[in-house]
Amino acid sequence: MSDETPVQPIEVIESPAQPLPAVPAVPASPPTGRLLQWWIGLFQKMSAAPVIQPLTGKPNPFAQTMPATAKDEAKNRLQLVLMHDRTQLSPTLIESMRDELVEVISKYVEIDKSALDLSLEQESNTIALVANISVVRAIAQKPPDETAQAG
Amino acid sequence: MATKTEGRVIVVTSGKGGVGKTTSTANIGAGLARLGFKVVLIDTDIGLRNLDILMGLENRIVYNIVDVVEERCKLTQALVKDKRMPNLCLLPAAQTRDKSALTPEQMIQVVGELKQEHDYILIDSPAGIEQGFQNAVAAASEAIVVATPEMSSVRDADRIIGLLETKEEIKHYKLVLNRVRPDMIKTNDMMDVDDVLEILSIKLLGIIPEDQDIIVSTNRGEPVVLRDGDKVPRATLAYRNIAARISGQDVPFLDLDTPVHWMDKVKSFLKLGGAS
């Protein structure tokens, strides 16, 4: 398992002038014996084990952050990809739907356009299209339908 | 033996190549023949035939399915009898033609004839979702979807299931999960059987463990399901069970967990939480 984060090529192109992150200085290793280091390592691993964590009920300060297992990663990625396959909605299509939704909703309420989150979610046997929209404030005007009826 | 009614027509398909369609067709077919049923295997992978190799019958082919539909021979002349069992035979694919040499209508006609004389007709589908797949599915009323617990295979299986659902003739389909590795499932490095079943929402027909004996069997041209003796490979048992389930027997699924040596238990405990 590799702990490198994948480099996104787009970011590199957009910000070529960005300086490389400074390499943190390697702290001088404490003069502990190898055996003692092994024991400390073992203690950390054991305290990170899922058997112990539920007993304490709170995050263990010694626990290393556990990476998602390959199995879980495969399952999550697969479920996402299948939702797009099954609905035949590509990320580009969702993007254009998002843009149109912003346009329509903006007629009625002022929304934070950058915060509109549109995604597919699996709910047991059905696939749901979930939109999370943060409303800044309502626009004080009657919807066009009602004004038409009143007039 | 089944009473003399029309045979059951089952297509073995997967979408993705290399997941074990042909191996499964050969072994399930031989497994059903082993139970005494009259079985015919049809290879529809025209241009890339391989079922003959797996059955060890590559040297006995005279005519093939394209010769039959183009009326260069009779159907019975093209059927290759198995070396080991008289109630098992193969209708080979043409090697020098392509998928367009066969149409779904022709498949329905050939299978319709074979149904009269056989209990089971197993159709080995080529990879992909194009004409070869359409040919293979055309005459079938049941389907076996073969997949491995890998992302690309499961994704393609999902696509195939979607296509099978649009076919009215396909009454039901079940999953054979191939190349399952209990050691990797135990370490959470591979999706387990339940994960795949949940994702695909499909019923399970059988689980085949990854087994070196399958390669050995292919090399010898003898389906692994036909191994005999006190200590047979687990893949042999797995395929025997699938054949029995198809024939209507209620057989529990294999427990793939092997007894673990106590030292391995200690090792895996010490590894817990470590990012390896």
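Below you will find a few notes about this structure. Please read these numbers as outputs of a predicted model, since none were measured by experiment. (Residues numbered from 1 in each chain as written. Chains lettered and ligands numbered in written order. Predicted model: local features only at pLDDT ≥ 70, side-chain atom pairs only at ≥ 80, totals over all residues.)

## Brief notes about the overall build of chain A
A count of helical and extended segments in chain A gives six helices and four strands. Traced from its N-terminal end to its C-terminal end, chain A shows the element sequence α-α-α-α-α-β-β-β-β-α. Burial statistics for chain A: of 151 residues in total, 3% are counted as buried. A sequence separation of at least 24 residues applies to 41% of the contacts in chain A between residues at least 6 apart. (Helix = DSSP H or I, 4+ residues; strand = E, 2+ residues; numbered from the N terminus. Buried ≥ 20, exposed ≤ 12 C-beta atoms within 10 Å, placed from the backbone. Contact = placed C-beta atoms within 7 Å.)

## Side note on the overall build of chain B
Across its full length, chain B carries 12 helices and eight strands. Based on the C-alpha atoms only, the size of chain B along its principal axes is roughly 70 × 40 × 35 Å. Burial status across chain B gives 47% buried among its 276 residues.

## Some details on the nonpolar core
Of all hydrophobic cores here, the largest spans 81 residues; its most connected members are Ile10, Ile65 and Ile123 of chain B. A total of six residues in this core trace back to one element, the largest contributor, which is helix H11 (residues 234–246) of chain B. (Core = buried A, V, L, I, M, F, W, Y, C linked by C-beta atoms within 7 Å.)

## Considerations on the sheet that holds strand S4 (residues 88–91) of chain B
In any sheet, the strands associate via hydrogen bonds between backbone groups, in a parallel or an antiparallel arrangement. Residue and element names in this part refer to chain B. Read across the sheet, eight strands follow the order S3-S4-S2-S5-S1-S6-S7-S8 without closing on themselves; strand pairing throughout is mixed. If you trace the sheet from one side to the other, it starts and ends with strand S3 (80–81) and strand S8 (203–209), each paired once. Here strand S1 (residues 8–13) pairs with strand S6 (residues 142–147) via four bridges, running parallel. Looking at S6, one finds that Ile10 is bridged to Glu142. Set on the sheet, helix H1 (residues 21–34) makes contact with S1, strand S2 (39–43), S4, strand S5 (120–124), S6 and strand S7 (172–180); between it and S5 the angle comes to about 170°. In this fold helix H7 (residues 151–165) packs onto S1, S6 and S7, with an angle of close to 165° to the strand it touches most, S6. (Pairing = 2+ DSSP bridges. Axes fitted to C-alpha atoms, helices over the stretch in contact; angles between N-to-C directions.)

## Quick word on the pairing of S8 of chain B
Residue and element names in this part refer to chain B. With respect to burial, S8 is a largely interior element, five of its seven residues being buried. Examined bridge by bridge, S7 and S8 share five bridges and lie parallel to one another. Of the residues in S8, the one forming a bridge with Val176 is Gly206.

## Focus: the packing of H1 of chain B against H11 of chain B
Residues and elements named next belong to chain B. At their nearest, the axes of H1 and H11 sit 8 Å apart, and the two run at 65° to each other. If you check the angle between H1 and H11, you find them roughly perpendicular. Along this stretch, H1 crosses H11, giving a crossing that reads as right-handed. The residues of H11 that touch H1, namely those facing Asn27, Ile28, Gly31, Leu32 and Arg34, are Tyr239, Arg240, Ile242, Ala243 and Ile246. Each residue belonging to the contact of H1 with H11 can be placed in one class, and the counts come to six nonpolar, two polar and two charged. (Parallel < 35°, antiparallel > 145°, perpendicular 65-115°, else oblique. Left-handed = near helix turned anticlockwise from the far one by under 90°. Nonpolar A, V, L, I, M, F, W, Y, C, P; charged D, E, K, R; others polar.)

## Structural notes on the pairing of S2 of chain B
Residue and element names in this part refer to chain B. By the criterion of burial, S2 is predominantly enclosed, with five of the five residues buried. The side-chain alternation of S2 yields two buried faces, one formed by Val39, Leu41 and Asp43 and the other by Val40 and Ile42. Summarising the sheet, S2 and S4 pair through four bridges and their orientation is parallel. Paired with Val40 across the bridge in S4 is Cys89. Summarising the sheet, S2 and S5 pair through five bridges and their orientation is parallel. Counted as the bridge partner of Val40 is Ile121 from S5.

## Focus: the packing of helix H4 (residues 70–87) of chain A against H7 of chain B
Remark: H4 of chain A packs on H7 of chain B, axes separated minimally by 10 Å, with the N-to-C direction vectors making an angle of 30°. Here H4 of chain A is positioned roughly parallel relative to H7 of chain B, judged by the angle of their axes. Viewed along their axes, H4 of chain A and H7 of chain B form a crossing whose handedness is right-handed. Between H4 of chain A and H7 of chain B, the residues in contact are Ala74, Arg77, Leu78, Val81, Leu82 and Asp85 of chain A and Met151, Val154, Arg155, Asp158 and Arg159 of chain B, respectively. Residue composition of the contact of H4 of chain A with H7 of chain B, by class: six nonpolar, no polar and five charged.

## A short note on helix H5 (residues 104–117) of chain B
Residue and element names in this part refer to chain B. End to end, H5 covers 21 Å across 14 residues, agreeing with the expected 20 Å (1.5 Å per residue, within 8%). For H5, every residue scored as buried is listed here: Met107, Val110, Val111 and Leu114. What you see down the axis of H5 is that its buried residues fit within an arc of 95°, all on one side. Those residues of H5 that are exposed and aimed more than 90 degrees away from the buried face are Glu105 and Gln116. (Expected span 1.5 Å × (residues − 1). Arc of directions from axis to C-beta.)

Geometric values such as these leave the question of function open.
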